[in-house]
Amino acid sequence: MIQFKNISLKYGNRDILKNINVDIKDKRVTGIIGPNGCGKSSLIKCLLKINKNYSGEIFIDGVSLNDLSQKMIAQKIGYVGQETNAIFDFSVYEVVEMGLFSSNTNKSKHEQLVNEALDKVKAFHLVNKNFSLLSGGEKKLVLMARAIISDNPILVLDEPTNHLDIKHQIEILDFLKDTKQTVLLVIHDLSLALQYCDEVYLINETQVVATGKPKDVLSSKNILQAFNVQGEVREDSDKNTYMVIKQKGK
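Residues numbered from 1 in each chain as written. Predicted model: local features only at pLDDT ≥ 70, side-chain atom pairs only at ≥ 80, totals over all residues. Heavy atoms only, no water.

1. Comments concerning helix α5 (residues 136-148)
As a reminder, the rule being used: We count a stretch as a helix when DSSP gives it H or I for four or more residues in a row; a strand needs E for two or more, and each element gets its number in order from the N terminus. Expected span of a helix: the number of residues minus one, times 1.5 Å. Residue burial is assigned from relative accessible area. The probe radius is 1.4 Å, only protein chains are included, and a residue is buried under 20% of its type maximum, exposed over 50%, and partly exposed in between. Residue contacts are counted whenever heavy atoms from the two residues lie within 4.5 Å of one another.
Between the first and last C-alpha of α5 there are 19 Å, a value that for 13 residues agrees with the 18 Å anticipated at 1.5 Å per step. The buried count for α5 comes to 10 of 13 residues, which makes it a mostly enclosed element. Of all the positions in α5, only Gly-137, Lys-139, Lys-140, Leu-141, Val-142, Leu-143, Met-144, Ala-145, Ala-147 and Ile-148 are classed as buried. Buried residues along α5 sit against β6 (77-80), α3 (92-97), α4 (110-120), β7 (154-158) and α6 (166-178).

Have a look at this one:
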């Protein structure tokens, strides 16, 4: 579905990404993990044409990103970023309805679609509220509804569980795991990445240093090198895997 080929990006003289190669497979959940400042969000912004001064090539369904208009990209990708602030005073209904701007959906169906999208993320009770007055977690749920309303084949999410309590984290990630869409997410929580991602890419110091199934990528060696902490994947009596992290030297 999505291919990043030899993507490099600089801010001034500083390397942000160097020769990044990532393949996002159809109808799977792919995670991008790594320490703060390693370039995870910058890579996503290249896909969305927010960062345009990169070298290399990006393909969506085999078509170069350079040949796709912003509207065509919006018809393929539903996006939720880290930021939840709003400059203008919109209602929740209006924010979610914005997700239909690139579709040809009849206006008469908008109310039904908005309500359904909010219901899917357990946020229908917010429909008539002022978006700017919501908590950070509530805003995140509303933005998730906006991303899924058009039923785009691809969902791209930058820290989708940020601001959410554990209950809503699990509900959102359960939804993403069960959806038939292709999901690319940047995620900090290694335990959640282990549980919900089919495949992960570990970025460290501007480069992909490991890729594969989460339990293989999240080896003690990789965790130590990337995050400078000690950690390991363990398995309980029911064969469920989980992460154990502790400070280096403790």
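2. Observations regarding the layout of surface pockets
Note the following rule: Every definition here rests on a 1 Å grid over the protein atoms only: cavities are sets of points where a 1.4 Å probe fits but cannot get out, pockets are open sets enclosed by protein on both sides within 12 Å along at least five of seven lines, and lining residues have some atom within 4 Å of a point. Grid points are joined across faces, edges and corners, and a volume is the space filled by probe spheres set on the points. Only Asp, Glu, Lys and Arg are considered charged, only Ala, Val, Leu, Ile, Met, Phe, Trp, Tyr, Cys and Pro nonpolar, and every remaining residue, Gly among them, polar.
Taken as a whole, the largest pocket holds about 350 Å³ of empty space. Ala-74, Ile-77, Gly-78, Tyr-79 and Phe-101 are, among the 15 residues lining the largest pocket, the residues nearest its centre. Of all the secondary-structure elements, those providing two or more residues to the lining of the largest pocket are α2 (70-76), β6 and α5. Grouping the constituent residues of the lining of the largest pocket by class yields 8 nonpolar, 6 polar and 1 charged. Reported here for the second largest pocket is a volume of approximately 220 Å³. Lining the second largest pocket are 13 residues; nearest its centre among them are Glu-83, Thr-84, Asn-85, Leu-143 and Arg-146. Among the elements of the structure, β6 and α5 are those that each provide at least two residues to the lining of the second largest pocket. Grouping the amino acids of the lining of the second largest pocket by side-chain chemistry returns 8 nonpolar, 3 polar and 2 charged.

3. Focus on the pattern of salt bridges
Selection criterion: Think of a salt bridge as a Lys or Arg side-chain nitrogen and an Asp or Glu carboxyl oxygen that are within 4 Å of each other.
Counted according to the given criterion, the structure contains 8 salt bridges. A salt bridge links Lys-25 to Glu-199; its shortest N-O distance comes to 3.2 Å. Pair noted here: Lys-25 is in the loop between β2 (14-24) and β3 (29-33) and Glu-199 is in strand β9 (residues 199-204), with a separation of 174 residues, a long-range link. According to the relative accessible area criterion, Lys-25 is partly exposed, its value standing at 38%.

4. Some words on the nonpolar core
Nonpolar side chains in soluble globular proteins generally cluster together in the buried interior. Here is the rule we go by: What is meant by a nonpolar core is a set of buried Ala, Val, Leu, Ile, Met, Phe, Trp, Tyr and Cys residues, joined one to another through side-chain atoms within 4.5 Å.
Ile-33, Val-96 and Leu-185 are the most contacted members of the largest nonpolar core, which has 47 residues in total. With 7 residues, the single largest contributor to this core is α5. With 29 residues, the next largest nonpolar core counts Leu-48, Ile-60, Leu-65 and Leu-184 among its residues.

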